[in-house]
Amino acid sequence: MSTQTAAPAATPTRQLDLAVGGMTCAACAARVERSLGKLDGVRATVNYATERATVHYPPDLDPASLVATIERAGYTAAVRGEATPENRDARVRDLRRRLIVAAVLAVPLGNLSITLALVPSLRFPLWELVCLLLATPVVFWSAAPFHRAALRNLRHRSSSMDTLVSLGMLASYLWSAVSVLIGSGSEAGYWIGFGATAPGADSVYLDVAAGVTTFLLAGRYFEARSRRGAADLLGALDALAAKDVRILRADGEELVGIGELTVGDRFVVRPGEKIAADGTVDSGLSTVDVSAITGEPVPAEVGPGNRVIGGSINLNGRLVVRAEAVGARSQLAQMSALAERAQERKAAVQRLADRVCAVFVPVVSALAVLTLAGWLLTGNPVRDAFGAAVSVLIIACPCALGLATPTALMVGVGRGAQLGILVKGPDALEASRTVDTVVLDKTGTVTEGRMTLSETRAFGSFSPTEVLHLAAAVEASSEHPIAAAIVAAGPAVLPAAEFEALPGLGARGVVEGTAVVVGRPRLLADEGISVGPEVEAAVASAEAGGATVVLVSAAGQVAGMLAVRDEVKPSARAAVAQLHRLGLKTVLLTGDNEVTAQAVAAEVGIPDVLAGVLPSEKAAAVSALQDKGHRVAMVGDGVNDAPALATADLGLAVAEGTDLALRSADIILVRDDLSVLPDAIRLAQRTLRTIRGNLVWAFGYNVAALPLAACGLLNPLIAGAAMSLSSVLVVANSLRLRNFAPGR
């Protein structure tokens, strides 16, 4: 369970993560949170599923007082990373031991007590005492975790799920013990499905006490295992980080702990080793497995100048990398932090469950007392009244309510991280449910975000190679993106002499004694260079296809034309088609001119285009769509996309984008493949459906089961099994998200 309290005083400026031990149900998390919330200036989020408390507190408050507050509430706490108050594996092993003992004794006890109760001829002297001896270790040793928690709650004048369980077990055991020792139960009874029973059959509830203990231990054991497995999906992100690094010193390599690596250090990565930090390759050639970080299955070829991500694995060559982002600033660390912070936030649908859990135990306890009183006042036998009251105590289950959201969110966030999708929180899941329109920024999202030379065309006596040579020589001295694209595509040349940049138009220079002008058609006209019909037609055709056209003249004659484009990503068309199959409308948003925008939209299959939108107008464009009744998801990568990402109902940022864009988004797309976009929306929607399904089951179970138990229609043994099963079903349903497959 994850709940949140408002700070009663000033906004805190520090954060502390605590590992909390001893929580056994959703009510425990609520109690820890209320205790912390009573401190001045403190607000806390306590997650039952992850056993973690995130506390925001004022600078003048001693963190030790936060730990002391939790301990006074009856739980254990320690600063996360320094100590773990309750080891998940140790707890699972302890529950397994107790479950084995309970099952070994409960099975023969159930067979013996039920058979002898119904068939008097098989009874032997002191048979009831034998049953009592078999039940005692189960009720007092196997069920000890329930009793300890209930006693702790009693000392702190509170209650939890364990209070109900302990009361039910002890009531069943003590009722049976008294019946055995004083010899009560001489009246005949009636069992549904069996008929009239022999005297004494209804007086012994030992099978109920032992059976309920076994069922509840089994439920708690499998729940603990499942929660550990769900948490492991997130823990796997931390496990990807390298622990050691080979820093390159003046006298050679030095193997040190990862904490000693700083920005600017050069470090060596041998084949098979993890890359220790984000950085740029200084030297070496290799292939790098990035599947664990970005979800891309094909290893990336890297060499000098290429960027690499910490946590990815070097496959075959020796690399020397210069560190650019280390520690908490690395992409892997930020992925892990985002995944964990997602669990601190709460889906709106969970708030009702939180309010129910806060009053659940007192209400159920009162209902059990009323059930007992009601049965007795209406003249029913004491054994029937007792059985109905015990059933009410045992069948109530707030745990399913508490686990409904955090378990599904843990598994969904963890699976998304494996696929290169970072979901920041459940509010993103809520938004994904109603989205009907996806707005995609063009540059850097639908396109590669960098200019490339797509066509070289020569006129007159010049060849395409000569045209590219002349243009590359002039543009070698320019820093313009178009110039960079031409230089990257051209041969290695010496820069032109007498270079002059003409802002907004192009550049000129002298190449091997020849005056060369490179720029827009308008520049050549200004220079008095004639552009004939053939050239004009070629320019118009290229611009109609979305290209930016550069003309090259040599010695006063048009030598050729270069078409430069921001190429569409190979995965864009398939991704847009998937969005359409999901029933979503797509819109291309760009500051480019209408012709270029329409050409790109036609290439990828987007029917609607908003072109010529200034950066400051992008958020207004999203708002305009919302005003028309659309629920909008915005996909972008740049600083100018940040306001639109924040304005949209659902913001999705490409991981290669700016920090501001990433902070403004609800979901971050790490994989360098636009098909991750429909995958992200599908995963968010499926995770939300799982959360809602869990809550429907948890609410429905309690609403239906409690009246049945109060009316005496449920045997306490069946009630215990049903209660355990409800929590296990919620966790098992959440774990189905691990099977989510992309591209389906």
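Participant: Please clarify how the overall build of the protein should be interpreted in this entry.
Facilitator: A tally of regular secondary structure across the protein gives 25 helices and 29 strands. Counted over contacts in the protein with a minimum sequence separation of 6, partners at least 24 positions apart contribute 70%. Total accessible area on the protein is roughly 31,100 Å²; 58% of this is exposed by carbon and sulfur atoms.

Participant: Looking at this structure, I do not really get the environment of Arg 266. What am I missing?
Facilitator: Here Arg 266 shows up in strand S10 (residues 266–269). Discounting residues that sit within four places of it in the chain, Arg 266 has contacts with Arg 246, Ile 247, Leu 248, Asp 282, Val 320, Val 321 and Arg 322. Among the polar contacts made by the side chain of Arg 266, one reaches the side chain of Asp 282 at a distance of 3.0 Å.

Participant: What am I meant to see in the pairing of strand S16 (residues 319–325) here?
Facilitator: Remember that side chains alternate between the two faces of the sheet whenever the strand is regular. Most of S16 sits out of view: five of its seven residues are buried. As judged from the four bridges shared by S10 and S16, these two strands associate in the antiparallel manner. For Phe 267, the partnering residue across the bridge sits in S16 and is Val 321. In terms of strand pairing, strand S11 (residues 278–283) meets S16 through five bridges, oriented antiparallel. Counted as the bridge partner of Thr 280 is Arg 322 from S16.

Participant: Could you clarify how one ought to interpret the packing of helix H4 (residues 127–142) against helix H5 (residues 144–155) in this entry?
Facilitator: Each pair of packed helices can be summarised by the angle the axes make with each other and by the distance between the axes. Between H4 and H5, the shortest axis-to-axis distance is 5 Å and the interhelical angle comes to 45°. Taken together, the axes of H4 and H5 lie oblique to each other. Contacts from Val 139, Phe 140, Trp 141 and Ser 142 in H4 reach Ala 144, Pro 145 and His 147 in H5. Each residue belonging to the contact of H4 with H5 can be placed in one class, and the counts come to five nonpolar, two polar and no charged.

Participant: Please clarify how the pattern of salt bridges should be interpreted in this entry.
Facilitator: Any two side chains of opposite charge can pair, given that their charged atoms come close. One pass over the structure, following the stated rule, counts 17 salt bridges. A salt bridge links Lys 618 to Asp 441; the shortest N-O distance between them is 2.8 Å. Separated by 177 residues along the polypeptide, Lys 618 in helix H21 (residues 618–627) and Asp 441 in strand S18 (residues 437–441) bring together distant segments of the chain. The pair formed by Lys 618 and Asp 441 is uniform in burial state, with each residue classed as buried. If you follow the salt bridges from partner to partner, you end up with Asp 94, Arg 97 and Arg 98 in one network.

Participant: Just to check I follow, could you spell out a nonpolar patch on the surface for this structure?
Facilitator: Together, Leu 126, Leu 129 and Leu 133 give the surface a local cluster of nonpolar side chains, amounting to about 300 Å² of exposed area. Tracing the backbone shows Leu 133 in helix H4. Residue Leu 133 is classed as exposed on the basis of its relative accessible area, which comes to 57%.

Participant: Looking at this structure, how should I read the sheet that holds strand S8 (residues 244–249)?
Facilitator: The strands that make up a sheet pair up through hydrogen bonds in the backbone, lying either parallel or antiparallel. Strands sit in the order S9-S8-S10-S16-S11-S14 across an open sheet of six strands; the sheet is antiparallel. Edge strands, defined here as strands with exactly one partner in the open sheet, are strand S9 (252–257) and strand S14 (307–308).

Participant: Sorry if this is basic, but what is going on with the packing of aromatic side chains here?
Facilitator: Here the distance between the centres and the angle between the planes together describe a pair of aromatic rings. Under the counting rule described, the total for this entry stands at one aromatic pair. Plain terms: the ring middles of Phe 140 and Tyr 173 are 5.1 Å apart, the flat faces sit at 90° to each other, and that makes the pair edge-to-face. In this pair, Phe 140 is assigned in helix H4 and Tyr 173 in helix H6 (residues 161–182), connecting sequence segments 33 residues apart. For Phe 140, a relative accessible area of 41% puts it in the partly exposed group. On the basis of relative accessible area, Tyr 173 is assigned to the buried category, the value being 9%.

Participant: Teacher, can you tell me more about the sheet that holds strand S29 (residues 667–669) here?
Facilitator: The mixed open sheet is built from seven strands, whose spatial order is S17-S29-S28-S27-S18-S25-S26. The outermost strands of the open sheet, each flanked by one partner alone, are strand S17 (421–423) and strand S26 (608–610). Neighbour-to-neighbour, the strand axes of this sheet turn through a mean angle of 20°, independent of strand direction. Alignment of strand S25 (residues 585–589) against S26, held across three bridges, turns out to be parallel. Directly across from Val 587, in S26, lies its bridge partner Asp 608.

Participant: Just checking my understanding: could you explain the confidence of the model for the protein for this structure?
Facilitator: As a note on interpretation, predicted positions should not be read in detail where pLDDT is low. For the protein, the mean per-residue pLDDT works out to 78, and 78% of the residues sit at or above 70. Below pLDDT 50 for its whole length, residues 1–10 participates in 49 contacts with residues either more than four positions away or in separate chains. Predicted confidence is poor over residues 82–86, with pLDDT under 50, and the contacts of this stretch with residues over four places away or in other chains come to 12 contacts.

Participant: Would you explain the nonpolar core in this entry?
Facilitator: In globular proteins that are soluble, nonpolar side chains generally tend to be buried together. By size, the foremost hydrophobic cluster in this structure holds 48 residues, and its most contacted members are Val 438, Leu 652, Ile 667 and Leu 677. No other element matches the nine residues that helix H24 (residues 676–710) contributes to this core. Counting 26 residues, the second largest nonpolar core, distinct from the first, contains Leu 99, Ala 106, Leu 109 and Met 169.

Calculation criteria
- Residues numbered from 1 in each chain as written.
- Predicted model: local features only at pLDDT ≥ 70, side-chain atom pairs only at ≥ 80, totals over all residues.
- Heavy atoms only, no water.
- Helix = DSSP H or I, 4+ residues; strand = E, 2+ residues; numbered from the N terminus.
- Contact = heavy atoms within 4.5 Å.
- Areas by Shrake-Rupley, 256 points an atom, 1.4 Å probe, with all protein chains shown as cover.
- Polar contact = N/O pair within 3.5 Å; in protein donor to acceptor, adjacent residues only side chain to side chain.
- Buried < 20%, exposed > 50% of the residue type's maximum accessible area, 1.4 Å probe, protein only.
- Pairing = 2+ DSSP bridges.
- Axes fitted to C-alpha atoms, helices over the stretch in contact; angles between N-to-C directions.
- Parallel < 35°, antiparallel > 145°, perpendicular 65-115°, else oblique.
- Nonpolar A, V, L, I, M, F, W, Y, C, P; charged D, E, K, R; others polar.
- Salt bridge = Lys/Arg side-chain N within 4 Å of Asp/Glu carboxyl O.
- Patch = residues over 30% accessible without salt bridge, like charges linked within 9 Å, V, L, I, M, F, W, Y side chains within 5 Å.
- Phe/Tyr/Trp six-rings, centres within 6.5 Å; stacked < 30°, edge-to-face > 60°.
- pLDDT = per-residue confidence, 0-100.
- Core = buried A, V, L, I, M, F, W, Y, C linked by side-chain atoms within 4.5 Å.

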